[in-house]
Every structure is written in structure tokens, then in C-alpha cells.
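Structural overview
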2 protein chains.
Amino acid sequence: MTQNVYRPHDHSTCIDNAMEQAKAVCEQNGARLTKVRQRVLELVWSSHKPVGAYDLLPLLANEGFNSAPPTVYRALDFLLELGLIHRLASLNAYVGCSHPGHGRASCFFLCQSCGKAQELESQLYDDLSTRVESTLGVKIDHQITELSGICPSCLDQSS
Amino acid sequence: MTQNVYRPHDHSTCIDNAMEQAKAVCEQNGARLTKVRQRVLELVWSSHKPVGAYDLLPLLANEGFNSAPPTVYRALDFLLELGLIHRLASLNAYVGCSHPGHGRASCFFLCQSCGKAQELESQLYDDLSTRVESTLGVKIDHQITELSGICPSCLDQSS
DNA sequence: CGTAGAATCGCAACATTATAACCGAAGGTC
DNA sequence: GACCTTCGGTTATAATGTTGCGATTCTACG
Ligand SMILES: [Zn+2]
Ligand SMILES: [Zn+2]
Ligand SMILES: [Zn+2]
Ligand SMILES: [Zn+2]
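Remember, predicted model here, so these are calculated numbers, not experimental data.

Bringing the overall build of chain A into the picture now. A count of helices and strands for chain A gives 6 helices and 5 strands. Order of helices (α) and strands (β) in chain A, N terminus to C terminus: α-α-α-α-β-β-β-β-α-β-α. Evaluated residue by residue, chain A yields a buried proportion of 45% over its 159 residues. Across chain A, contacts joining residues at least 24 apart in sequence account for 58% of those joining residues at least 6 apart.

Listed below in C-alpha cells is the structure:
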């Protein structure tokens, strides 16, 4: 079950779930969820708004962590590698993966008004790569889709 | 009919078609295809490999054009606005639109080996926005999809 | 024409995002 | 402890994109 991020919800459970899954994924892959990495993941999950790498720098600095770009980017790369976060190319920003372990394809809806990002269920789009592979005769590694518009909550408020 | 960019073809007709369509689109929209804009479009179309904004700077400089970032970005923004080119967010690069005038959705396959970008026909993906709109209750402006992998030509060569 | 308004362009500075290179620190293994 | 590997600190730099302002060019209209 995936949360609808545009509805009010107990976001602390989003964070808790994410951190718990992260630990499991790391263990499964023999990867070390160090303090910096864990804290970066928590900060990325602190809301459903994608966060820029440079937004994290002062937050980490406040907590006594080193805060130079390489520190943040290394943590982000680690989390990307394990599929715990996604990079939203159209925003140059990062957001937690709401169901880690999914395949090569991802799809997000991005509200232009409130900025929150909703990751979509894969059955809506994950056949695209397969269709394109057979149409073009290509081999596909990754598929990203980003939809931009206005979310239901913002639509309500503007009416 | 859309060209398969991974097959050998007479690329000058790609360019000619693109420039002709550009003139038509501009006329239709009361927009001015100035020298810089036209030349930027030609340069973007000079191959099927997406080109970075900063790659264009020296090329324009060689031809006596002003070559400061704003010049290039203004031309690119103009062309994006009219739908004559696309920006590939995952590459920070720009490529000509192979069928200008299409709707809010676009989809590209990007070969990681040769770098060429193939724009796909919309019937493969343009129902996604509609499905997401009804699923989430959102209003969608733009949809971008980028598929990364290996093209048929590069697959052949590696076997 | 001729002038007013709008669009375009030249230019300088700056902002944002990401990477390279080098080395020391920390942790795991024997 | 000796060794190896991974991780993190530090400095500098690269790559991409934007802002602001004034000069120029185009267009519309009288
Ligand atoms: Zn939440
Ligand atoms: Zn995901
Ligand atoms: Zn061609
Ligand atoms: Zn297109």
C-alpha cells in the first residue's frame, strides 16, 4: 500500500517505514548505513517535497556533520545505488523511494504548486520499457517518467 | 513517418525537414526565427546526439555570433517554448523534436553507448497522463519519459 | 515617413549543481 | 597488531543555468 502524499497523514510513519526498509535493504546488500547516510536519508524523507543536494548542506552542518558537497553527494549516490531514493531530473532534487526494490522503471507526479512528489504504482507504466524494447529492438536499463501538474489538494484550494 | 536514428540515413533531410517545420511553426505563432535562433536549431539538429548548451557556445563564436550563456539559453528557451526542441533532463542536453506540435507528453530512448536520442511515437505512452489524472485526481501539464539503454546498432557491434 | 512600444540582443556578473583529486580515519579480517 | 578496504574530510574546480540592465532592432500605428 502506498501513501497518497497529498492527503493529510501521519508522516512519522512514512519516515519510520523508510528507515526500517533502508536497514533491511542495506543488510541484504552488505552495505553500511553509516550515520551520515542515515541522516541524509531521514532528511530527504523529512517531507514529500524533493530536496536539493545543497539544501542538505546547512542541515547537516547544524548537526555537527561535515557539510561539504562531496559528503552529501556521496551519501546520495549510495542511497540512489541501493534504490532507497530517486533523483528527479527535472528538478535536480532527491526524494525517498516509497517502495524500494522495484524494477528499472520509476514514475513521479510533481505538483507545481505545493512541490510534493508522489511516486506512482508501477503497473501504470512499467510495460513501457518492454513495449519499446520490442518496438525498437533496444535493451533498456532505466526508465524515468516525471509528470508535472497540480495535485488534488492544490486544485481544491484554487477553486 | 519518423526516422529511426540508429539506421544510416540521409541526415540532411532530417535537418531540412526540421528547418522547414520550424519556419512554419514560427509563422503560425507570430514568432520570429532570428539568425541566432535558426542557427542554434540547426546546430541542435546537426546530429541525433543531444547537445549541451555550453557545447553550442564555441560553435556560435566560430561563426561570429555572440556567445555568452544567455544568448544560447534564450535561443533554447524560445525553441523549447515552440516545441521545436526538447530538453533531456537526465542529460542536461537538448535535441530537436522530430514531430513538432505534439501534445504535452514526450518520450525518448537514449543510447548509453553512441549517445543518439530517438524520440518515440506518442501512441506508446501518451495515455499515461490521462490514466494518472483519473487515478490521482490531478491535472497534468507536462510528461517526460527518458529510457536509457543500448540501441540496436550498438547491440550488434558488441556481439 | 516618424515615433512609441515591444521584442530581441550584448554584456557582465553571479547562482546553482556536481565532480576531481588527495589523503587520513575508521572498520573489518586474519 | 598488520593489512586491506571502505568511508569521510578538505580544497579546489567543473558544468550548467540565471539575473539585471542598457542598447539595438523590429513592428504597429498615426
Ligand atoms: Zn508522509
Ligand atoms: Zn521508487
Ligand atoms: Zn537524421
Ligand atoms: Zn517532440
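Here we take up the sheet that holds strand 4 (residues 117–119) of chain B. Taken together, 6 strands build an open sheet; the order of strands is 4(A)-3(A)-5(A)-5(B)-3(B)-4(B) and the sheet is mixed. The open sheet has two free edges, formed respectively by strand 4 (117–119) of chain A together with strand 4 of chain B, since each of these has just one partner strand. With strand direction ignored, the average angle separating the axes of adjacent strands in the sheet is 20°. Set on the sheet, helix 5 (residues 128–136) of chain A makes contact with strand 5 (139–150) of chain A together with strand 3 (105–111), strand 4 and strand 5 (139–150) of chain B; between it and strand 5 of chain A the angle comes to about 125°. Packed on one face of the sheet, helix 5 (residues 128–136) of chain B meets strand 3 (105–111), strand 4 and strand 5 of chain A together with strand 5 of chain B and runs near 125° to strand 5 of chain B.

A word on the pairing of strand 1 (residues 85–88) of chain A. All names here are of chain A. Examined bridge by bridge, strand 1 and strand 2 (residues 93–96) share 4 bridges and lie antiparallel to one another. Residue pairing for strand 2: Leu-88 is matched across the bridge by Ala-93. In this antiparallel pair of consecutive strands, strand 1 and strand 2, the connection spans 4 residues, and Asn-92 shows a positive phi of 50°.

Mapping between the two copies of the chain is achieved by a rotation about an axis and a shift along the axis. Between the two copies, chain A and chain B, the superposition gives an RMSD of 0.1 Å; the rotation angle is 180° and the shift along the axis is 0.0 Å. The superposition of one copy onto the other is thereby described by a two-fold rotation axis. The rotation axis passes nearest to the C-alpha of Thr-145 of chain A in chain A, at a distance of 2.1 Å.

The next point concerns the domain arrangement of chain A. Residue and element names in this part refer to chain A. Looking at the assigned domains, one finds that chain A contains domain 1 (8–98) and domain 2 (104–159). Across the boundary between the two partners, domain 1 contributes 13 residues, which contact 10 residues of domain 2. Taking both partners together, domain 1 and domain 2 bury about 830 Å²; carbon and sulfur atoms supply 59% of that area. Here domain 1 is connected to domain 2 by 0 salt bridges. Applying the counting criterion to the domain 1 and domain 2 interface returns 5 residue pairs in polar contact (both at pLDDT 80 or more). Counting residues per element, the ones that place at least two in the side of domain 1 that touches domain 2 are strand 1 and strand 2. Looking at which element gives the most residues to the side of domain 1 that touches domain 2, the answer is strand 1, with 3 residues.

Below, the discussion takes up unusual backbone geometry. Residues and elements named next belong to chain A. One non-glycine residue, Asn-92, lies in the positive phi region at around 50°. Residue placement: Asn-92 occurs in the loop between strand 1 and strand 2. Overall, Asn-92 belongs to the partly exposed group, its relative accessible area being 43%.

Here we take up the coordination of the zinc ion (ligand 1). At this site the zinc ion (ligand 1) is bound by His-9 of chain A (NE2), His-11 of chain A (ND1), Cys-14 of chain A (SG) and His-48 of chain A (NE2), with donor distances of 1.8 to 2.4 Å. With 4 donor atoms in place around the zinc ion (ligand 1) and angles of 102 to 124° between them, the coordination shape is tetrahedral.

Criteria and thresholds
- Residues numbered from 1 in each chain as written.
- Chains lettered and ligands numbered in written order.
- Predicted model: local features only at pLDDT ≥ 70, side-chain atom pairs only at ≥ 80, totals over all residues.
- Heavy atoms only, no water.
- Helix = DSSP H or I, 4+ residues; strand = E, 2+ residues; numbered from the N terminus.
- Buried < 20%, exposed > 50% of the residue type's maximum accessible area, 1.4 Å probe, protein only.
- Contact = heavy atoms within 4.5 Å.
- Pairing = 2+ DSSP bridges.
- Axes fitted to C-alpha atoms, helices over the stretch in contact; angles between N-to-C directions.
- Least-squares fit on C-alpha atoms with pLDDT ≥ 70 in both.
- Domains from an automatic or database assignment.
- Buried area = accessible area lost by both parts, 1.4 Å probe.
- Salt bridge = Lys/Arg side-chain N within 4 Å of Asp/Glu carboxyl O.
- Polar contact = N/O pair within 3.5 Å; in protein donor to acceptor, adjacent residues only side chain to side chain.
- Donors = N, O, S within 2.8 Å, 3.2 Å for Na, K, Ca; no water.
- Tetrahedral: all angles 85-135°; square planar, octahedral: opposite > 155°, others 65-115°.

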